[in-house]
Amino acid sequence: MSVRGRQYRYVGPVDVRALVRPGGEGRRIRSASDFDDWASALTLEELAEPFTFVIDAAGVLRVAPRRSEHVVCAGGGTVLGAGEMSVGDESGQWVVAEVSNQSTGYCPDISSWPAVAYALDSAGIGHPSGFTHEVVFRRCLACCQLNIVREEDFVCVFCEADLPRKWNVDRPGH
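Residue positions are counted from 1 within each chain, in the order its sequence is given. Local features are withheld for residues below a pLDDT of 70 in this predicted model, meaning they are given only at 70 or higher, and side-chain atom pairs are given and counted only at 80 or more; totals for whole chains, interfaces and linings count all residues. Heavy atoms throughout the structure, all of them, feed into the side-chain values; hydrogens and water do not.

We now examine the pairing of strand E6 (residues 136-139). Burial along E6 is two-sided: the face carrying Val136 and Arg138 and the face carrying Phe137 and Arg139 are both buried. DSSP calls a pair of strands paired once it identifies at least 2 bridges connecting them. Only DSSP runs of H or I covering at least 4 residues are called helices, and only runs of E covering at least 2 are called strands; the numbering of each starts at the N terminus. Relative to strand E7 (residues 146-149), E6 runs antiparallel, the two being bridged by four bridges. Following the sheet pairing, Phe137 is matched in E7 by Ile148. What sits between the antiparallel neighbours E6 and E7 is a turn of six residues, in which Cys144 has the positive phi angle 70°. Burial classification: accessible surface area is computed with a 1.4 Å probe over protein chains only, and a residue below 20% of its type maximum counts as buried, one above 50% as exposed, and the rest as partly exposed.

In structure tokens:
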């Protein structure tokens, strides 16, 4: 079984994309033991804070330390989901405590949750039933700027034009 969903291309700054290097992708997590191996190399402080994740085009979870760029974690490719997550240990099992779709490089829609859940399920990592913090991204049709919609206020913070209700960040030419 595999998960299908919208693929998100990188829409962030060109200088950040330039940081992508062959072999510099985030660690693939296909099992709880993969996560154990990755986490064992982190300091307690690093493990205590959220980390960067992407769900690659194959539906596999990739992780990197928090200050990593999502596009680097994804190796520059398209993703099915991206954001930040934190984990905890419950009875010797890794469990996601918090997870968001907060990635200003990919701006994934909240509808990307099934891809995230699928990757976590495939890796045997427990998780909540949805994003614990949802970020709503929209591109302004008038000025083309990316916006984060807060409190259901679909108005561009740059030019005050109305923002679309449907996800539209990955518009051709932008």
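So, on to helix H5 (residues 113-123). Counting buried positions over the 11 residues of H5 gives eight, a clear majority of the element. Residues are treated as being in contact if the distance between any of their heavy atoms lies within 4.5 Å. Of the surrounding elements, those touching the buried residues of H5 are strand E1 (27-29), helix H2 (32-40), strand E2 (51-56), strand E3 (61-64), strand E4 (79-90) and strand E5 (93-100). At the exit of H5 stands Gly124, carrying a positive phi of roughly 75°.

Below, the discussion takes up the pairing of E2. With six of six residues buried, E2 is to be regarded as a mostly interior element. Neither face of E2 is exposed, since Phe51, Phe53 and Ile55 on one face and Thr52, Val54 and Asp56 on the opposite face are all buried. Pairing geometry for E2 and E4, over six bridges, is antiparallel. Bridging from a neighbouring strand, Thr52 pairs with Glu84 of E4. Judged from the four bridges that link them, E2 and E3 form a sheet pairing that is antiparallel. The residue of E3 that forms the bridge with Phe53 is Val63.

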